[in-house]
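Now for the letters of each chain:
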Amino acid sequence: MPKSITYKANSVIYFQGDQSDRIFILKSGKVLLKTQDIETGKEITEIINTGEFFGVKSALGRYIRDETCISISDAEVLAFTVPEFEQLALSNTRIIMKMLKVFSNQLRRIHHKVENMLRKGEEVDAETGLYKVGDYYFNNRQFAQAAFALSRYLTYYPQGKHATQATLRLQEAERYAASGNPGSKGTPQQARPSAGAMQGMTGTGASRSSGGAKEYYEAVGLISQEKYQEALNILYKIISNNSDPENMAKAEFEVGRCLTHLKKFDEAIRHFTALIQKYPKHPDLKEALFLIGKSYEGKGDKPWARSFYEKVISLSQEDEPTAIRAKKAMQSLTGGAV
Amino acid sequence: MSSDFETFKRFGVDKKAGEIIFCEFEPGDAFYLIQSGKVKIVKVIGEVEKTIDILNPGEFFGEMALLEQAPRTATALALTDVKLLEFNQQNFDILMQGNPQIVLNILKIFSKRIYDQKRRFMILKLEEIPARVADVFLMLDENSRKPEDPTDMTRTFNTTPEDIAHWAGITVSKCVEVLNSFQAQRRVEISQGKIVVKNIADFQRFVNSRRRTNT
């Protein structure tokens, strides 16, 4: 049971440097926390109001008290041990959420200060930083890792200042990654080059001149025959050959469609999510959202499937084929749930 | 432990050894809990890839992305084949309802990391490198069990020059140089995986004097 303790005005509840597992909540009166700013060493004070917790971080993190705590009026507190506090928090998760927000903020800020101290002025912006990570792995011949970082770079900064260089390096990294371990099965990021780039190596010149259009139709033809894996191989080739942008975008969409049909739902969801980020105005956006819904449904995740179908319907005219299919899918979801 | 995670199966992500889970500087929107395997946290600093941490099953990483989508502060790589649970802001509520204990553990980790980072900042603020190294020992001492005899000032730490260098923000070779000079002054004794500080109070005085002149 949490213990109720009363303090006269100007009593020390705990000293900075004390070790304790008590967490307090202020029931009445006023309490002051005194600590020093870590940068300037100046004293900082914070008033605790009734109903607020204090002493939480040091007790939960099992370290010494970070501040001195003094009652500035007669005060009554409830003292919890860590297990008692946990019990309270678990039955009232809003407490956890609230503290999580505060702590995450503090952590972010102090982390930033430490980073600045270590980097001493050579602050890099996130865009260049991400590119440099790719660059580092590329230079160290860790091509799969380089391909990952560079493709992330291009996802977030398709028009970025290192985009041209990143595209070139990505192609090269993917080629090396594929030839380095041709049998590797890896993730989509790794599987993609090994499926496409190998065949693409000889055909690069030819396919670039056609902009990938011919291959694209070939792939679509295969999809209509339900030969999804074969279609995928061609689609990856179109993408890794850096074909005409329009064909690239179309090919990327078809990759997702194939993955959905191949029941690689996680890959499909990831692929479409990245696609939507990359091409927020993709002509097949609604269809992509619909297929994300389908993939979630395939995974048995009905709530997520439903929310994507709803999204499709909200974005579409009522009589659009995609909307009609989304509605049907919603109905069969509910049907299945009852 | 695995039965705890049954409800979260759909958040499962598998990675093969060597694959990147996320890259430093990319916007973060998910955090991970390791179910099996090992994850390596690295940073590319200049031309070197520095290992910051190696994490085991049951540990979290990427949790700073939880409430704000700021850039990742390090790169996470699968050291072995790994099974992860991936949580983001959308499915965080499901986690909270299904297993608030996990969230409470995150809160504990945050508490500890805030302290570690603050403490590290205090160390880095010291300009003199030997004072930083001494302060790392003080920090390690603060976090360990006090000896039964309070007059006993000898402390044994299971630590390495690499660890100390990391905390002090210096190169390993510089750290070894400082430790050697401490050893020559008979203030420390270095052996395999262990460093004995002869008189922790002496280090405390040393750091205090440097900290005062600093501020």
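Residues numbered from 1 in each chain as written. Chains lettered and ligands numbered in written order. Predicted model: local features only at pLDDT ≥ 70, side-chain atom pairs only at ≥ 80, totals over all residues. Heavy atoms only, no water.

### Structural notes on the overall build of chain B
Moving on, step 1. Tallying secondary structure elements over chain B gives six helices and eleven strands in all.
Moving on, step 2. In chain B, which comprises 215 residues, the proportion classed as buried is 47%.
Moving on, step 3. Once local pairs closer than 6 in sequence are excluded, the contacts in chain B between residues at least 24 apart make up 70%.
Moving on, step 4. Surface accessibility of chain B: about 10,000 Å² in total, with carbon and sulfur atoms responsible for 49%. (Helix = DSSP H or I, 4+ residues; strand = E, 2+ residues; numbered from the N terminus. Buried < 20%, exposed > 50% of the residue type's maximum accessible area, 1.4 Å probe, protein only. Contact = heavy atoms within 4.5 Å. Areas by Shrake-Rupley, 256 points an atom, 1.4 Å probe, with all protein chains shown as cover.)

### Observations concerning the packing of aromatic side chains
The geometry of an aromatic ring pair is captured by two quantities: the separation of the ring centres and the angle between the planes.
Moving on, step 1. As enumerated under the stated definition, the model contains 25 aromatic pairs over all chains in all.
Moving on, step 2. An aromatic cluster of three or more residues is present, and its members are B:Phe11, B:Phe31, B:Phe60, B:Phe87 and B:Phe92.
Moving on, step 3. Stacked on the ring of A:Phe103, the Lys or Arg A:Lys57 has its end atom at 5.8 Å from the ring centre.
Moving on, step 4. Directly above the aromatic system of A:Tyr14 lies the positively charged group of A:Arg65, at a separation of 4.1 Å from the ring centroid. (Phe/Tyr/Trp six-rings, centres within 6.5 Å; stacked < 30°, edge-to-face > 60°. Lys NZ or Arg CZ within 6 Å of the ring centre and 35° of its normal.)

### Focus: the side chain of A:Glu127
Residue and element names in this part refer to chain A.
Moving on, step 1. Mapping Glu127 onto the fold places it in helix H4 (residues 126-139).
Moving on, step 2. For Glu127, which is buried and forms no salt bridge, the nearest opposite charge comes from Lys161, at a distance of 4.7 Å.
Moving on, step 3. A polar atom in the side chain of Glu127 sits 2.6 Å from the side chain of Tyr153.
Moving on, step 4. Setting aside residues up to four positions removed in sequence, Glu127 forms contacts with Tyr153, Tyr157, Gly160, Lys161 and His162. (Lys, Arg positive; Asp, Glu negative; His and termini not counted. Salt bridge = Lys/Arg side-chain N within 4 Å of Asp/Glu carboxyl O. Polar contact = N/O pair within 3.5 Å; in protein donor to acceptor, adjacent residues only side chain to side chain.)

### Examining the interface of chain B and chain A
Moving on, step 1. With 59 residues of chain B in contact, the opposing surface of chain A contributes 54 residues.
Moving on, step 2. When chain B packs against chain A, the two sides together hide about 5,500 Å² of surface, and 68% of this comes from carbon and sulfur.
Moving on, step 3. Area buried by chain B at its contact with chain A is led by B:Phe25, B:Leu107 and B:Phe121, which between them contribute 13% of it.
Moving on, step 4. Across the contact surface, chain B and chain A share three salt bridges. (Buried area = accessible area lost by both parts, 1.4 Å probe.)

### Observations concerning the nonpolar core
One recurring pattern in soluble globular proteins is that nonpolar side chains are buried together.
Moving on, step 1. Grouped together as the largest cluster of nonpolar side chains are 39 residues, with contacts concentrated most on A:Ile23, A:Phe85, B:Leu95 and B:Leu107.
Moving on, step 2. When near neighbours in sequence (up to four residues on either side) are disregarded, B:Leu107 contacts A:Leu60, A:Ile96, A:Met99, A:Leu100 and A:Phe103. (Core = buried A, V, L, I, M, F, W, Y, C linked by side-chain atoms within 4.5 Å.)

### Considerations on the sheet that holds strand E3 (residues 23-28) of chain A
Residues and elements named next belong to chain A.
Moving on, step 1. The strand order across the open sheet built from four strands is E1-E8-E3-E6, with neighbouring strands paired in antiparallel fashion. Two strands bound the open sheet, and with one partner strand each, they are strand E1 (3-7) and strand E6 (53-54).
Moving on, step 2. As defined by bridge partners, E1 adjoins strand E8 (residues 75-80) across five bridges and the pair is classed as antiparallel. Along E8, the bridge assignment pairs Tyr7 with Ala75.
Moving on, step 3. Each of E3, E6 and E8 is contacted by helix H2 (residues 82-91), which is oriented at about 90° to E8, the strand it contacts most. (Pairing = 2+ DSSP bridges. Axes fitted to C-alpha atoms, helices over the stretch in contact; angles between N-to-C directions.)

### Some words on the sheet that holds strand E5 (residues 48-55) of chain B
Residue and element names in this part refer to chain B.
Moving on, step 1. One open sheet holds the four strands; their spatial order is E2-E7-E4-E5, and the pairing between them is antiparallel. Only two strands of the sheet have a single neighbouring strand rather than two, namely strand E2 (20-22) and E5. Averaged over all neighbouring strand pairs, the angle between strand axes comes to 35°, with direction disregarded.

### A look at the confidence of the model for chain A
Moving on, step 1. Chain-level statistics for chain A give a pLDDT mean of 83 and a share of 88% at 70 or above.
Moving on, step 2. Predicted confidence is poor over residues 181-209 of chain A, with pLDDT under 50, and the contacts of this stretch with residues over four places away or in other chains come to 44 contacts. (pLDDT = per-residue confidence, 0-100.)

### Re the pairing of E5(B)
All names here are of chain B.
Moving on, step 1. Bridge count for strand E4 (residues 39-45) against E5 is seven bridges, and the pairing is antiparallel. Each residue of the ladder has a partner; that of Val42, found in E5, is Thr51.
Moving on, step 2. Connecting E4 to the antiparallel partner E5 that follows it, the hairpin turn spans two residues, and Gly46 within it adopts a positive phi of roughly 60°.

### Describing the pattern of salt bridges
Moving on, step 1. Under the defined criterion, the tally for this structure stands at 25 salt bridges over all chains.
Moving on, step 2. Between A:Asp135 and A:Arg169 there is a salt bridge whose closest N-O contact spans 2.3 Å. Of this pair, A:Asp135 sits in helix H4 while A:Arg169 sits in helix H6 (residues 163-180), and the two are 34 residues apart along the sequence.
Moving on, step 3. Its salt-bridge partner being B:Glu26, residue A:Arg152 comes within 2.5 Å of it at the nearest N-O pair. Remark: B:Glu26 occurs in the loop between E2 and strand E3 (30-36) and A:Arg152 occurs in helix H5 (residues 143-156); the pair is interchain, linking two chains.
Moving on, step 4. Members of the salt-bridge network, linked through shared partners, are B:Arg119, B:Asp135, B:Glu142 and B:Arg211.

### Some words on the pairing of strand E7 (residues 68-71) of chain A
All names here are of chain A.
Moving on, step 1. By the alternation rule, side chains of E7 split into Thr68 and Ile70 and Cys69 and Ser71, which are all buried.
Moving on, step 2. Where strand E4 (residues 31-36) lies against E7, four bridges are found, and the strand directions are antiparallel. Looking across to E7, one finds that Leu32 is bridged to Ile70.

### As for the packing of helix H3 (residues 129-142) of chain B against helix H4 (residues 161-168) of chain B
All names here are of chain B.
Moving on, step 1. The N-to-C vectors of H3 and H4 enclose an angle of 105°; their axes lie 9 Å apart at closest approach. The orientation of H3 with respect to H4, classified from their angle, is roughly perpendicular. Between H3 and H4, the residues in contact are Arg132, Val133, Val136, Phe137 and Met139 and Ile164, Trp167 and Ala168, respectively. (Parallel < 35°, antiparallel > 145°, perpendicular 65-115°, else oblique.)

### Notes on the side chain of B:Glu24
Moving on, step 1. Looking at the secondary structure, you find B:Glu24 in the loop between E2 and E3.
Moving on, step 2. Judged by its relative accessible area of 2%, B:Glu24 falls in the buried class.
Moving on, step 3. With sequence-adjacent residues up to four places away left out, B:Glu24 is seen in contact with A:Arg119, A:Leu130, A:Val133, B:Lys43, B:Val44, B:Arg72, B:Thr73, B:Ala74 and B:Thr75.

### Let's talk about the packing of H2(A) against helix H2 (residues 100-125) of chain B
Moving on, step 1. One way to put it is that H2(A) packs onto H2(B) with a least axis distance of 10 Å and a crossing angle of 125°. Judged on the interaxial angle alone, H2(B) and H2(A) are oblique. Here H2(A) and H2(B) pass one another in a crossing that is right-handed. Where H2(A) approaches H2(B), its residues A:Glu86, A:Ala89 and A:Leu90 are matched on the opposing element by B:Pro100, B:Gln101, B:Leu104 and B:Lys108.
Moving on, step 2. Partitioned by chemical class, the residues of the contact of H2(A) with H2(B) number four nonpolar, one polar and two charged. (Left-handed = near helix turned anticlockwise from the far one by under 90°. Nonpolar A, V, L, I, M, F, W, Y, C, P; charged D, E, K, R; others polar.)

### Some details on the environment of A:Gln16
All names here are of chain A.
Moving on, step 1. Along the chain, Gln16 falls in the loop between strand E2 (12-14) and E3.
Moving on, step 2. Between the alpha carbons of Gln16 and Lys34 there is a distance of 8.4 Å; along the sequence they are 18 residues apart.
Moving on, step 3. Setting aside chain neighbours within four positions, we find Gln16 in contact with Thr35, Gln36, Arg65, Asp66, Glu67 and Thr68.

### Observations regarding helix H5 (residues 172-184) of chain B
Residue and element names in this part refer to chain B.
Moving on, step 1. Counted at 1.5 Å a residue, the expected span for H5 with its 13 residues is 18 Å, and the 18 Å between its end C-alpha atoms agrees.
Moving on, step 2. Of the positions making up H5, those classed as buried are Cys175, Val178, Leu179 and Phe182. Buried residues in H5, looked at end-on, bunch into an arc of 100°, giving them a common side. Facing away from the buried side of H5, by more than 90 degrees, are the exposed residues Ser173 and Ala184. (Expected span 1.5 Å × (residues − 1). Arc of directions from axis to C-beta.)

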